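Notes for the structure review
Chain by chain, the residues:
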Amino acid sequence: MLRSTKHIVCALSGGLDSAVAAFLLKSKGFTVSGVHLVSDDPSGEFKDKPEEAAENAHRVCKQLGIPLQEVHLTKEYWDKVFRETTKGNQNLGLTSLDAVCNKHITFGTLISHVLNDIKAHGFATGHGARLTQDIIRNNVDPARGVKLLRANEQLEDQTYSLSQVSQRALQKTVFPIGELPSLVVRDIAVQNGLDTIVKKGEASSLCSYGRSSFQRFVKEHKLPKPGRYVDLETSQTVGEHDGAVSWTVGQQVHIQGHNEEMYVAEVLTDVDSNTCDIMVVSNQDHPALFAQTFFTRLPHWIHEIPFKLVETEMLDCEYQQNHGGQLRKCTMTLASSNSYCGHDYLIVSCPDSVKGITPGQHVAFYKGEECLGSAQILRPGPSVYAMTYGTERRKKVEENTFYQKWFSKIF
């Protein structure tokens with residue numbers, strides 16, 4: 001089949017990157033059309049995405065002379081992304097929302113619609129990422145599989161948000177701007193009549209609509225668990241809260257009647273009483289916010305599980321804690337089922353202590369420029385504070401009922 005006869009559908013967010021991606025595909029001779037995710041929720045709960053994003057997408061398609069289809073996936077958002085936050089005590093924070101959305105929506109339901117309903121040959125987005133094989137180069141071999149690589153310009157890399165995408169989806173995907181510096185992308189837009197998009201700046205990602213309503217959603221649909229703010233060092237109650245549904249280690253909290261700023265060190269949920277106590281500290285660099293190890297579920301491997309990890313049960317690599325976050329060295333170790341986890345999991349060890357390791361969120365793993373995949377954090381290991389002052393704190397168990405209740409969870 002000649003390359004020029006291939007039909008590629010480009011997902012348009014209404015921003016610069018996806019507009020240039022569509023232009024590049026058309027300039028290479030492909031038959032190109034656009035799709036744009038919109039909300040049709042009558043309650044307006046998911047209507048966070050600016051209407052100008054849809055207008056921009058239409059404007060881009062008119063400028064390029066390609067058709068645009070608006071796709072309504074609010075129900076899928078509700079069922080596959082937002083509703084996940086109501087299950088158990090999962091703490092799915094905003095840093096993981098794009099990764100989960102890309103897995104289920106952009107590279108799940110949307111790409112299925114593009115390939116099965118529109119009958120396109122491939123799917124494109126404006127993500128900053130690269131693939132070892134793609135349909136543009138006509139060299140996709142399903143037997144070899146596709147590896148996901150970081151963008152050439154590290155500041156524009158978006159592989160963290162793609163770290164849960166399936167191999168099957170990536171084999172039908174192309175990232176036209178992943179090789180290009182951001183300044184070149186902007187120049188291409190200006191030189192080809194897309195300067196309206198450039199002036200407005202980059203739109204939010206395809207998965208960003210619902211970000212502010214995500215916070216509203218979890219508060220309204222996930223049963224809140226009220227409880228106390230408890231000073232980690234003194235075990236004294238310093239305030240009360242209406243319910244913790246989404247939080248991160250190191251997050252600043254404002255406690256009514258308490259002048260001193262406090263920071264979340266840990267959230268302890270009591271299933272029996274349906275309450276949770278938020279352990280807080282008074283210093284944003286408190287050692288209780290740092291740990292040198294953490295535990296994750298088994299990762300979603302994009303290409304395949306690394307051979308060395310299978311062979312030796314250990315692998316030196318790097319990990320990224322959130323989108324745009326710093327790559328840090330680590331050693332992952334495969335661990336067998338035990339009474340705590342109930343299934344196989346990873347132990348991730350770091351050479352230095354790391355701040356803000358939060359249960360429920362995702363970490364992406366890298367070997368060189370390849371994104372291996374990502375995993376959900378189960379819990380951090382003992383904090384630097386616990387390792388340093390653990391012996392002293394153990395003495396408080398016999399003296400304080402609070403520690404009698406939570407001691408086993410803290411250590």
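Residues numbered from 1 in each chain as written. Predicted model: local features only at pLDDT ≥ 70, side-chain atom pairs only at ≥ 80, totals over all residues. Heavy atoms only, no water.

Here's the deal with the pattern of salt bridges
The line we're drawing: For this document, the term salt bridge refers to a Lys or Arg side-chain nitrogen within 4 Å of an Asp or Glu carboxyl oxygen. Every helix listed is a DSSP run of H or I at least four residues long, and every strand listed is a run of E at least two residues long, numbered separately from the N terminus. Only protein chains enter the accessibility calculation, which uses a 1.4 Å probe. A residue is then buried if its area is under 20% of the maximum for its type, exposed if over 50%, and partly exposed in between.
A full pass over the atoms with the stated rule returns 4 salt bridges. Close ionic contact of Arg130 with Glu369 constitutes a salt bridge, the shortest N to O distance being 2.7 Å. In this pair, Arg130 sits in strand S5 (residues 129-131) while Glu369 sits in the loop between strand S18 (362-367) and strand S19 (370-380), placing the two residues 239 residues apart along the sequence. The partly exposed category is assigned to Glu369, whose relative accessible area is 43%.

Considering the sheet that holds strand S2 (residues 31-38)
Put simply, the test is: When DSSP locates at least two bridges between a pair of strands, those strands are taken to pair. Whether two residues touch is decided by their heavy atoms; if any such pair falls within 4.5 Å, the residues are in contact. Fitted lines through C-alpha atoms give the axes, limited to the stretch in contact for helices. The angle between two N-to-C directions lies from 0 to 180 degrees.
Read across the open sheet, the 5 strands follow the order S3-S2-S1-S4-S7; overall the sheet is parallel. A single partner strand is all that each edge strand has here, and the edge strands are strand S3 (68-72) and strand S7 (173-174). Of the strand pairs in this sheet, strand S1 (residues 7-11) and S2 are connected by 5 bridges, and their pairing is parallel. Each residue of the ladder has a partner; that of Ala11, found in S2, is Val35. In the packing of helix H2 (residues 51-64) onto the sheet, the strands contacted are S2 and S3, and the crossing angle to S3 comes to about 155°.

Considering the packing of aromatic side chains
Put simply, the rule is: Aromatic rings from Phe, Tyr and Trp, with only the six-membered ring used for Trp, were paired whenever their centres fell within 6.5 Å, and each pair was classed as stacked if the ring planes differed by under 30 degrees, edge-to-face if by over 60, and tilted otherwise.
With the rule as written, the count across this model stands at 4 aromatic pairs. Summarising the aromatic geometry, the rings of Phe107 and Phe175 are spaced 6.4 Å apart at their centres and angled 65° between planes, so their arrangement reads as edge-to-face. Taken as a pair, Phe107 in helix H4 (residues 94-117) and Phe175 in the loop between S7 and helix H6 (182-191) lie far apart in primary sequence, 68 residues in all. Phe107 sits in the buried class, given a relative accessible area of 4%. Aromatic pair Phe295 and Tyr345: ring centres 5.9 Å apart, planes at 45°, arrangement tilted. Placement of the pair is Phe295 in strand S13 (residues 290-297) and Tyr345 in strand S17 (residues 345-355), with a sequence separation of 50 residues. Residue classification places Phe295 among the buried positions, given a relative accessible area of 13%. When its relative accessible area of 6% is taken as the criterion, Tyr345 is described as buried.

Side note on H6
As a reminder, the rule being used: Throughout, the arc means that of the directions going from the helix axis to the C-beta atoms.
Among all positions in H6, only Val185, Ile188 and Ala189 are buried. Angularly, the buried residues of H6 cover 100° about the axis, an arc narrow enough to put them on a single face. Away from its buried face by more than 90 degrees, H6 exposes Leu183 and Gln191. Directly after H6, the chain includes Gly193, whose backbone phi takes a positive value near 75°.

A closer look at the pairing of strand S9 (residues 237-241)
Sheet topology note: the strand S8 (residues 227-231)/S9 ladder contains 4 bridges and is antiparallel. From the neighbouring strand, Val230 faces S9, where its bridge partner is Thr237. Linking S8 back to S9 in an antiparallel pair, the connection comprises 5 residues, with Ser235 at a positive phi of about 65°.

Considering the confidence of the model for the protein
Reading predicted coordinates in detail is not appropriate for stretches of low pLDDT. Note the threshold: Values of pLDDT, the confidence the predictor places in each residue, fall between 0 and 100.
This prediction gives the protein a mean pLDDT of 83; 78% of its residues lie at or above 70. When the criterion is pLDDT under 50, residues 406-411 qualifies, and its contacts beyond four places in sequence or with other chains add up to 18 contacts.

Quick notes on the pairing of S18
Burial analysis of S18 places 5 of its 6 residues in the buried class, the great majority of the element. In this structure, strand S15 (residues 314-320) lies alongside S18, joined through 3 bridges in antiparallel fashion. Among the inter-strand pairings, Glu318 is bridged to a residue of S18, identified as Tyr366. The turn linking S18 back onto S19 is made up of 2 residues, and Gly368 within it adopts a positive phi angle of 65°.

A few points about unusual backbone geometry
One non-glycine residue, Lys119, adopts positive backbone phi at about 65°. Along the chain, the position of Lys119 falls in the loop between H4 and strand S4 (122-124).

So, the environment of Ile197
Mapped onto the fold, Ile197 is located in helix H7 (residues 195-200). As a C-alpha pair, Ile197 and Gly15 span 182 residues in sequence and 6.1 Å in three-dimensional space. Setting aside anything within four residues of it in sequence, one finds Ile197 in contact with Gly14, Gly15, Leu16, Asn56 and Val60.

Observations regarding the environment of Glu76
In this fold, Glu76 is placed in helix H3 (residues 74-82). For the pair Glu76 and Ile105, spaced 29 residues apart in the sequence, the C-alpha separation amounts to 7.1 Å. Sequence-distant contacts of Glu76, defined by excluding residues within four places in its chain, comprise Val81, Ile105 and Thr109.

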